[in-house]
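# Descriptive analysis of the structure
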Amino acid sequence: MSILGSFFLLSCGSKVKVEERTLSDNWTIASTKEINADAKTLSTQLINPEKWVKATLPTTVLGALVEAGVYKDPFVGKNLEKIPRAPFENSWWFRNTFELEDVNTQEEYLGLMVDGVNYRANFWLNGVKVASQDTLFGAFRQFEIDITEAAKSGENVLLVEVFPPQVRDFYMGFVDWAPTPPDHYMGIYRDIRLKRSGKVASMVGTFIAPDLDPKDLTQALLTISTELTNHSNASKTVEVIGTIENLTFKKNFILAPHERREVKFTPADTKELLIKNPRLWWPNGLGNPEMYTLNLEVRENGSLSDKQSTRFGIRKIETYLNDKGVRGYKVNGRDVLIKSAGWVDDLFLRYMPEKDAAQIRYVKEMNLNSLRFEGVWGNNHHIYDLCDENGILLMVGWSCQWEWPDYLGMELKMKPGDENLPINEGVDLYAVKLTPDEETLLSNYLRDQVKWLRNHPSIFTWAGGSDAMPKPSLEKRYQATLKQYDPTRPFLVSSGDFTSELTGKSGMKMNGPYEYVPPVYWFEDKKLGGAFGFNSETGPGPQIPPIGSIKKMIPEADLWPPDNKVWNYHSGRKDFNTMGVYLNAMNKRYGASKNLEELALKSQLMNYEAIRPMFEAFVINRPVATGVVQWMLNSPWPEFYWQLYDYYLMPTGAYYGTKKAAQPENIIYNYHDNSIYLSNDTQDEWKDTRVIISVFDKNSKEILNETEVINLGANTIKKWRELPELKGKNEIYFIALSLTDLDGEQEYANNFYWVSTQKDQLDWSKYFWFYTPQKQYADFSGLNTLPKVEIKAEKSIKEINKDEYEVSLILRNKSDKLAFFIEAELADGATGAAITPVFWSDNYISIPPDDVKEIKVKYYKKDLKGTPTIRIQGYNLLKPMTL
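## Observations regarding the overall build of the chain
The secondary structure content of the chain amounts to 14 helices and 50 strands. A compact globule built from 883 residues should have a C-alpha radius of gyration of about 29 Å, and the chain, at 29 Å, falls within 12% of that. On the principal axes, the C-alpha backbone points of the chain span a range of 90 × 60 × 60 Å. Taking all 883 residues of the chain together, 62% fall into the buried category. Here the chain has roughly 33200 Å² of accessible surface; of this, 48% comes from carbon and sulfur atoms. Of the charged side chains in the chain, 103 are positive and 117 negative, and the gap between their average positions amounts to 0 Å.

## Description of the environment of Ala 661
Structurally, Ala 661 can be placed in helix 14 (residues 653-661). Using a relative accessible area of 0% as the deciding quantity, one classes Ala 661 as buried. Distance from Ala 661 to Lys 339, taken between C-alpha atoms, is 10.0 Å for residues 322 residues apart in sequence. Ala 661 has contacts with Arg 612, Phe 615, Glu 616, Val 619 and Asn 666, leaving out every residue within four places of it along the chain.

## Things to note about the pattern of salt bridges
Summed over all chains, the structure comprises 50 salt bridges. Between Glu 227 and Arg 260 there is a salt bridge, with its nearest N and O atoms 3.2 Å apart. In this pair, Glu 227 is assigned in strand 15 (residues 216-230) and Arg 260 in strand 18 (residues 260-265), connecting sequence segments 33 residues apart. A residue is classified by how much of its surface remains accessible, and Glu 227, at 11% relative accessible area, is buried. For the salt bridge of Glu 825 with Arg 871, the shortest nitrogen-to-oxygen distance reads 2.8 Å. Taken together, the positions of Glu 825 in strand 45 (residues 819-828) and Arg 871 in strand 49 (residues 868-874) put the pair 46 residues apart, joining distant regions of the chain.

## A closer look at the sheet that holds strand 11 (residues 154-163)
Read from one edge to the other, the open sheet built from six strands follows the order 4-3-6-11-8-9, with strand pairing classed as antiparallel. The outermost strands of the open sheet, each flanked by one partner alone, are strand 4 (53-55) and strand 9 (128-131). For this sheet the average axis-to-axis angle between neighbouring strands, irrespective of direction, equals 30°. Judged from the nine bridges that link them, strand 6 (residues 92-100) and strand 11 form a sheet pairing that is antiparallel. Bridging across to strand 11, Trp 92 finds its partner in Val 162.

## Considerations on the pairing of strand 20 (residues 292-300)
Sheet topology note: the strand 16 (residues 236-244)/strand 20 ladder contains six bridges and is antiparallel. Across the sheet, the residue bridging to Glu 239 is Arg 299, located in strand 20. Across nine bridges, strand 20 lies against strand 21 (residues 303-312) in antiparallel orientation. Pairing of Glu 300 across the sheet is with Ser 303, part of strand 21. Joining the antiparallel neighbours strand 20 and strand 21 is a turn of two residues, in which Asn 301 adopts a positive phi near 55°.

## Considering the packing of aromatic side chains
Counted under the stated rule, the structure contains 66 aromatic pairs. Pairing Tyr 569 with Trp 637 gives two aromatic rings, centres 5.5 Å apart and planes at 90°, and the pair type is edge-to-face. With Tyr 569 in helix 11 (residues 565-569) and Trp 637 in the loop between strand 33 (625-630) and helix 14, this residue pair connects regions lying 68 residues apart in the sequence. This pair shows no difference in class: Tyr 569 is buried, exactly as Trp 637 is. The lysine or arginine in question, Arg 279, covers the ring of Tyr 292, its NZ or CZ lying 4.2 Å from the ring centre. The cationic tip of Arg 721 hangs over the ring face of Trp 720; the distance from NZ or CZ to the ring centre is 4.2 Å.

## Observations concerning the packing of helix 12 (residues 580-590) against helix 13 (residues 596-620)
It is the contact of helix 12 with helix 13, at a shortest axis distance of 11 Å, that shows an interaxial angle of 95°. On the basis of their axis angle, the class for helix 12 and helix 13 is roughly perpendicular. Residues Tyr 582, Leu 583, Ala 585, Met 586, Arg 589 and Tyr 590 of helix 12 touch helix 13, and the partners they reach there are Leu 599, Lys 602, Ser 603, Leu 605, Met 606, Asn 607 and Glu 609. Of the residues belonging to the contact of helix 12 with helix 13, the class tally is eight nonpolar, two polar and three charged.

## Topic: the sheet that holds strand 28 (residues 459-463)
A sheet is described by the order of its strands in space; here four strands give the open sequence 26-27-28-29, paired in parallel fashion. With one partner strand each, in any of the chains shown, strand 26 (370-374) and strand 29 (491-492) form the two edges of the open sheet. Summarising the sheet, strand 28 and strand 29 pair through two bridges and their orientation is parallel. Of the residues in strand 29, the one forming a bridge with Trp 462 is Phe 491.

## What to know about the nonpolar core
Counting 274 residues, the largest nonpolar core has Phe 123, Leu 371, Trp 754, Leu 783 and Phe 820 as its most contacted members. Element by element, the count of residues in this core is highest for helix 13, at 15 residues. With residues up to four places along the chain from it excluded, the contact list for Trp 754 reads Tyr 590, Leu 605, Tyr 608, Glu 609, Arg 612, Tyr 733, Phe 734, Phe 780, Leu 783, Phe 820 and Phe 821.

## Concerning the side chain of Gln 449
Looking at the secondary structure, you find Gln 449 in helix 7 (residues 436-453). Gln 449 sits in the buried class, given a relative accessible area of 1%. Not counting the four nearest positions on each side in its chain, Gln 449 is found in contact with Phe 140, Gln 142, Arg 190, Val 376, Trp 398 and Trp 462.

## Some words on helix 13
Helix length check: helix 13 (25 residues) gives 36 Å between terminal C-alpha atoms against 36 Å at 1.5 Å per residue, within 8%. Within helix 13, 24 of the 25 residues are buried, which leaves it mostly tucked inside the rest of the structure. Capping the start of helix 13, Asn 595 holds a side-chain oxygen 3.3 Å from the backbone nitrogen of Glu 597, two or three residues further along.

## A closer look at the environment of Asp 73
Among the structural elements, Asp 73 can be located in the loop between helix 2 (61-67) and helix 3 (79-82). Given a relative accessible area of 52%, Asp 73 falls into the exposed group.

## Considering unusual backbone geometry
Omega for the peptide link from Asn 118 to Tyr 119 comes to 15°, which places this bond in the cis form. Here Tyr 119 lies in the loop between strand 7 (108-114) and strand 8 (120-125). Residue Met 632 is reached from Trp 631 by a cis peptide bond, and omega for that bond is 10°. Of note in this structure, Asp 102 is not a glycine but carries a positive phi near 50°. Within the secondary structure, Asp 102 is located in the loop between strand 6 and strand 7. Given the relative accessible area of 39%, Asp 102 is considered partly exposed. Although it is not a glycine, Asp 850 sits at a positive phi angle of roughly 50°. Looking at the element boundaries, Asp 850 is found in the loop between strand 47 (845-847) and strand 48 (851-860).

Cut-off values and rules
Residues numbered from 1 in each chain as written. Predicted model: local features only at pLDDT ≥ 70, side-chain atom pairs only at ≥ 80, totals over all residues. Heavy atoms only, no water. Helix = DSSP H or I, 4+ residues; strand = E, 2+ residues; numbered from the N terminus. Rg over C-alpha atoms; globule rule 2.2 N^0.38 Å. Buried < 20%, exposed > 50% of the residue type's maximum accessible area, 1.4 Å probe, protein only. Areas by Shrake-Rupley, 256 points an atom, 1.4 Å probe, with all protein chains shown as cover. Lys, Arg positive; Asp, Glu negative; His and termini not counted. Charge placed at Lys NZ, Arg CZ, Asp CG, Glu CD. Contact = heavy atoms within 4.5 Å. Salt bridge = Lys/Arg side-chain N within 4 Å of Asp/Glu carboxyl O. Pairing = 2+ DSSP bridges. Axes fitted to C-alpha atoms, helices over the stretch in contact; angles between N-to-C directions. Phe/Tyr/Trp six-rings, centres within 6.5 Å; stacked < 30°, edge-to-face > 60°. Lys NZ or Arg CZ within 6 Å of the ring centre and 35° of its normal. Parallel < 35°, antiparallel > 145°, perpendicular 65-115°, else oblique. Nonpolar A, V, L, I, M, F, W, Y, C, P; charged D, E, K, R; others polar. Core = buried A, V, L, I, M, F, W, Y, C linked by side-chain atoms within 4.5 Å. Expected span 1.5 Å × (residues − 1). Polar contact = N/O pair within 3.5 Å; in protein donor to acceptor, adjacent residues only side chain to side chain.

And the structure:
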């Protein structure tokens, strides 16, 4: 959030440097067991240089060792399991050297801002111990260390001894989503920043609190606060000057010797903070996410002492419980259906800014408007800045990592049968019971994270619990923290279904499913995870990626058959350590695959078909449905579970199913009532919009074609019409839907479904906490005998900016048969690897008889070494194509 820089200023004959610098480069690490020297020595000279490994922060110990090649290919096969634990059971040294010019300790202050260490640390600078593990501990604490007296001009040596977390320490984790690395994420996983300022006064914790009346968006009120510290021995008067674009305001403050205090500018005393016709921050799909920048300076007698730049957005977040006790959210007075997914960082907590940027672009292009951060993810502000800039709302809060004893290294003793309890009932019986000291730690965690992140307009709520809720004594402390440090957004007591004795119902549900369920589930279910209420984590289970990614993570000897130990190792954990339910459903619905190539394509069909109705059911059921969080968006390592795109940034079929389902303007088939629905989730009314439906049988004969011109208000759902009963036993039909302008020249949205007259049937008499089993499966085996079709393809390439190209792909089906489920893959040459990240307008498309489709793909120039090639395959194409 801060714009970093440095500059010298002359004041009364002295030289003061104002700067904030991230110490990311020039680090080395080594095990304390391997280095025969004490900290005082190591923080002045390097001992045993051959035993130190180069590193870049932020990183965990194992992440740095992997980057340095000490451990090779940890994500291939079961290599991660082979890395020994013993080297990570002791502390590790992190050593850095940095230069300082013209240090003047009489006139300036120097501090280290420590944003995140897991779990404890001692700090030395130039042989002086400046912080101790006795007080510097806690993965989500943040610290400011005064290094003024230890710093010097020229080369400075910073030495950090990092200690691993122990049993019952509260730190980050990936619960049942991925294996736990042997270092337990020990390291400096967030930035360490060097701050220099005048002694009078340094500035931290700037906060811009926006407010507006949702009924009148023509003006906004800003309240601005910051913390000033007088590091000198004398009382001082300072002037704080602020600018926001063409607005300037200022005020004087008196600081006692060594005083640290919060100072404020309010609309009541600073008329410039009443903003006329503000540019508002809107979530994706509802408008532009407008951003502003505040520049603050602190001056003493006209000389600059400190400076800070902070980006912010103007928006109003509101929450409510409807008459069903369901929580909903509004942004700027407008109800917002939260279309979300669960984010995770890299398994080794490495900072990957380009990858993060590509992922948030994926989120936006999938038409999602939100992410859930279960665990306060992020190495620094970058991921939050990306969400600010792209209009992605964030639910940020604590993980269930701390709520179940086994994730904290303790034993989880459950009574037989209790393993199938709903999450909220199970956690009531078996959750970790916090001590008073642990409550204090978690309360401090929230305070530090809120102060660090509160200027990001993308964050719409702070969640105090995931599978559990904080007990009243801790919730009171959380509420007090937010009242003091962030009154601009609501507190969510838990992402699960709980009732607080202090604040009432959470209004959320967490009833799954997390495993494969058929499309009809989301429309039919009215008791568990179906499309009603706010489902804070749910999804149809595994998403096997395309074949190229499978071959990257699975050794050749273990590629086939798929249900083996290595494939399962790359699945989830606990109840999710196999893909048995998913593969069984695939075989019964689509027929058994004969080889890996067939399985990979059928998986994309399953992924697409399974995820799309989840989002679509929530879309058409609003406002009864207020939010859904796909579990999950991405994976922390290469795997087969819970991902709309894989670790290598290859979109799965689920990516394109989500993109289709979450279109702001949409036409949707309801698998349960056999009807077509229209959804306008925009700010504008539809006028003279043409709705078109075509239905084809298995032989591609069109048996229904209807069109109607309609108008539809903003944020409105309409049941357009019920389809006639589809005839025959084990027959397959195809439903093509389209929204266009009146003349049919511009298409706003389209959708394509395949349905069977043999329906999926759920066995509601059986209950598993993570899914509902089936007693009958839809029969799509007939897709395997569709008539073969030959299509024509042509491509054109153009440069769209200095960083990107766009390829246009036109596919023509001149036959009288349907071309079904066509996959287009952009590759680096005819036999080269698939290019990622890759931004297709659409994919896995079907083309009716005598029709043409155009899809486009954008990619970064830097990712292509050879010639852009498109590889095309389809369910019933005569043969694959290369273009």
